[in-house]
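Reading the structure
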Amino acid sequence: MISTKTSTSLTLFSHNLEPPLFLIENCKSMDQLQQIHCQTVKSGLIRKPISQNKLISFCCTNESGDMNHALQMFNQISEPKSVFLWNTMIKGYSRVDCPKHGISMYLNMLKQDVKPDDYTFPFLLKGFDRDVGLSCGKKLHGHAVKFGFGSNVFVQNALIHMYSLCGQMEMARAVFDVSCKRDVITWNVIITGYNRMKQYDETNKLFDEMERNGMVPTSVTLVSLLSACSKLKDLEVGKRVHKYIQKCKVESNLTLENALMDMYAACGEMDVAVRIFDRMKTKDVISWTTIVSGFVNKGEIDLARDYFDRMPERDYVSWTAMIDGYLRVNCFKEALVLFREMQALNIRPDEFTMVSILTACAQLGALQIGEWIKTYIERNKVKNDVFVGNALIDMYFKCGSIEKAQRVFNGMPWRDKFTWTAMIFGLAINGHGEEALGMFSEMLRASIKPDEVTYIGVLCACTHAGMVDEGRKFFASMTTEHGVQPNVAHYGCMVDLLGRAGHLQEACEVIKNMPMKPNSIVWGALLGGCRLHKDVEIAEMAAKQILESDPDNGAVYVMLCNIYASCKRWDSLHDLRESMMHRGIKKTPGCSLIEMNGVVHEFVAGDQSHPQSKEIYLKLDKVMRDLEVAGYSPDTSEVFLDIGEEDKQSTLCWHSEKLALAFGLICSRPGVTIRIVKNLRMCVDCHRVAKLVSKLYDREVIVRDRTRFHHFRHGSCSCKDYW
DNA sequence: TTAGGGTTAG
């Protein structure tokens, strides 16, 4: 019989807990917990295991819990501790992402002769990844079996999860295959494992198998499946999942709606995605970001920005998605502006953001900002993974900083084929062809399989170093030795290689025999060879081929004009100029970028818009006079305007790279390297001027033009005047 | 006396 008194206390203090312990049920913070702790000490309740459990559980599982406090209380318990208490501590360490502490707890527990139970292993294995160590995971797997929990479904699920987090899908699958008491979570765990490893086909296969086994999927299964459809852009299966949800076989929730929307967005079906978005009762930051990145993927930057601006809250993923959007449409300066805004709002960027910003820096040649990002990553302990490493290498090379790129490469603990390809390509365009090929050999020795992009780098290295024989050999061996079929870009490289080296007939043969239709890049490469070797006939043929499919291609007209001018074919030049005027074809304006104190300055030919314009022109005038004293005379061979010699010379003076160069000389201290990025090929006169500047003012000048780098030092250029 | 596993956006 329960007395009246007892039943009153039951209503007052639910669960029959004594007053201080009851308070824990509603405890909100560590401050409150400590007060309750004091009361239990005063009242002597602390000696009861239930009090110890309640207090420690709060510290281990509550959002505001504190593991240090938990450990303090745990250590104060002198009598033998229950497995429950040990499990709670292990769980707490998993919650705060310290699985290593959890392992030490477990080892101490064994030392004190406490046996693990079926709860111990799931808590222990949670959050295990490659960093914690696969070998440790395997040992714990052994323990679980030894203690008799090898066929417990919770333990098995935890093991599958652990192996998949360690990237060991074969091990995960082995556990899955022998599991006899699979439940839907088992299926979900293995499916998400394959998703994590980007093996989306397996995801689909497993889903079919799951249905055949009569297992009813949960919303989590469908989210994973939709995620796979999104990555595979498999609209068909995606729509099937949508129908399945609509038939109410599964109750929808926010995550599922987000995943569905993402699937449609990834498949380019933004109408459907937006319709779902508009009908959603509650939206979170992921819903909004999904729409933003959906428009980003379609290149609809204005719509993406519109949604981005309307977001009620944004996190680092949203900002990165928008920054990425600007990269997609080649608006690199806008990407940097957005990054600065993000910084001003104190939103912490992650490694994805860093890769995006480094890409923008690479494109703009913004070395100072790039360096700043590198320091930021180091200081703020941003995850420095292989993607960040690759982006840093690319940024350094595209800024002409070879040694620093090599230093990043040497310091990388893990390299993938993109790392090697970035090295090969970077060394090649910076004029270190032989080192690039050395890298390629090293890559093969490291058993990394080259792909088609790697071979573009290899052929490019041969081209820039004028290594024709090697190029021919690599081109032949890419199929025979590594099974990489040459595509049109590889043929373009070969034509470029042969053309530059003056083997124009052989280049024509290559084009004649290629298995696919040559595109404008292939013909353009031939045209470039003709410019270098002054071959008017082949040039006219190549130009004709490009203009047939692209009659308004200004670059082709300009190139042909250059060739006529350098061959002194004035009549042909005159006719071509007429035809250009008639068709309204204009030369792409030359544009040069130079970064100064973290700001990217842009100059076009004849630019007077810069705030320091007056000073720049005065400086340029002074430089040209200095150079003349040193023996410079303008090279007007590439100026094809129908004007007098003097006017031709002043036209040359306004070239954007000269303006950038003058600006660089004004704004940087003596001895500092000047780096310029130019959108077109550097002209012969600017090349001559840069060489002399490097000698006369003892300055290293690095110019990246449309296809390669020019490192000017002591009066000569790394391209050996061959570009 | 109490506890367990799986999911979405760049």
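The structure presented is a predicted model; accordingly, all values stated were derived computationally and were not measured. (Residues numbered from 1 in each chain as written. Chains lettered and ligands numbered in written order. Predicted model: local features only at pLDDT ≥ 70, side-chain atom pairs only at ≥ 80, totals over all residues. Heavy atoms only, no water.)

On to the packing of helix α26 (residues 417-429) against helix α28 (residues 452-464), then. Following both chains from N to C, one finds α26 and α28 inclined at 20°, their axes separated by 8 Å at the closest point. With respect to α28, the axis of α26 lies roughly parallel. Both α26 and α28 take part in a crossing whose hand is left-handed. Between α26 and α28, the residues in contact are T421, I424, F425, A428 and I429 and V453, T454, I456, G457, V458, C460, A461 and H464, respectively. When its residues are assigned to classes, the contact of α26 with α28 shows nine nonpolar, four polar and no charged. (Axes fitted to C-alpha atoms, helices over the stretch in contact; angles between N-to-C directions. Helix = DSSP H or I, 4+ residues; strand = E, 2+ residues; numbered from the N terminus. Parallel < 35°, antiparallel > 145°, perpendicular 65-115°, else oblique. Left-handed = near helix turned anticlockwise from the far one by under 90°. Contact = heavy atoms within 4.5 Å. Nonpolar A, V, L, I, M, F, W, Y, C, P; charged D, E, K, R; others polar.)

With the rule as written, the count across this model stands at three cavities of 30 Å³ or more. When its volume is computed, the largest cavity comes out at roughly 60 Å³. Around the largest cavity, the lining residues are E657, K658, L661, I676, M682, C686, V689, A690, V701 and V703. The set of elements that each furnish at least two residues to the lining of the largest cavity consists of α38 (656-667), α39 (684-696) and β4 (701-704). Split into classes, the residues belonging to the lining of the largest cavity amount to eight nonpolar, no polar and two charged. G365, K398, C399, G400, R675, I676, V677, I702, R704 and F709 together form the lining of the second largest cavity. Looking at the lining of the second largest cavity, the elements that each hand over two or more residues are β3 (674-678) and β4. Considering each element in turn, the lining of the second largest cavity owes the most residues, three residues, to β3. The residue inventory of the lining of the second largest cavity, partitioned by class, reads five nonpolar, two polar and three charged. (1 Å grid on protein atoms, 1.4 Å probe; cavity = no way out; pocket = protein on both sides within 12 Å on 5 of 7 lines; lining within 4 Å. Points joined across faces, edges and corners; volume = space filled by probe spheres on them.)

Assignment of secondary structure puts H655 in the loop between α37 (645-653) and α38. H655 sits in the buried class, given a relative accessible area of 18%. Those residues in contact with H655 that lie beyond four places of it in its chain are C683 and C686. (Buried < 20%, exposed > 50% of the residue type's maximum accessible area, 1.4 Å probe, protein only.)

Turning our eyes to something else, we now look at the pattern of salt bridges. It is possible for side chains of opposite charge to pair when their charged atoms get near one another. In the structure shown here, the tally under the stated rule is 22 salt bridges. Of the charged contacts, one joins E202 and R173 as a salt bridge, the two residues approaching to 3.6 Å between their closest N and O atoms. A residue pair is termed long-range when its members are at least 10 positions apart, and E202 in helix α13 (residues 200-212) and R173 in helix α11 (residues 169-178) qualify at 29 residues. R173 gets classed as buried once you look at its relative accessible area, which sits at 18%. Put simply, E700 and R713 hold a salt bridge, and the shortest N to O gap is 2.9 Å. Separated by 13 residues along the polypeptide, E700 in the loop between α39 and β4 and R713 in strand β5 (residues 709-713) bring together distant segments of the chain. (Salt bridge = Lys/Arg side-chain N within 4 Å of Asp/Glu carboxyl O.)

With that settled, the discussion passes to the UniProt feature "repeat: PPR" (unreviewed entry) in chain A. The sites that carry the UniProt feature "repeat: PPR" (unreviewed entry) are, in the present numbering, residues 82-116, 183-217, 284-314, 315-349, 416-450 and 451-486. Counting secondary structure, residues 183-217 comes out at 74% helix and 0% strand; the distance between its end C-alpha atoms is 10 Å. With 74% helix and 0% strand, residues 284-314 has end C-alpha atoms that lie 10 Å from one another. (UniProt positions renumbered as here; feature names shortened; annotations may be inferred.)

Its 13 residues give helix α12 (residues 184-196) an end-to-end C-alpha distance of 18 Å, which sits within 8% of 18 Å, the value for a rise of 1.5 Å per residue. Summarising burial for α12: ten of the 13 residues are buried, a large majority. Regarding α12, the residues found buried are V184, T186, W187, N188, V189, I190, I191, G193, Y194 and N195. Looking at the buried positions of α12, the neighbouring elements they touch are α10 (153-165), α11, α13 and α14 (219-232). (Expected span 1.5 Å × (residues − 1).)

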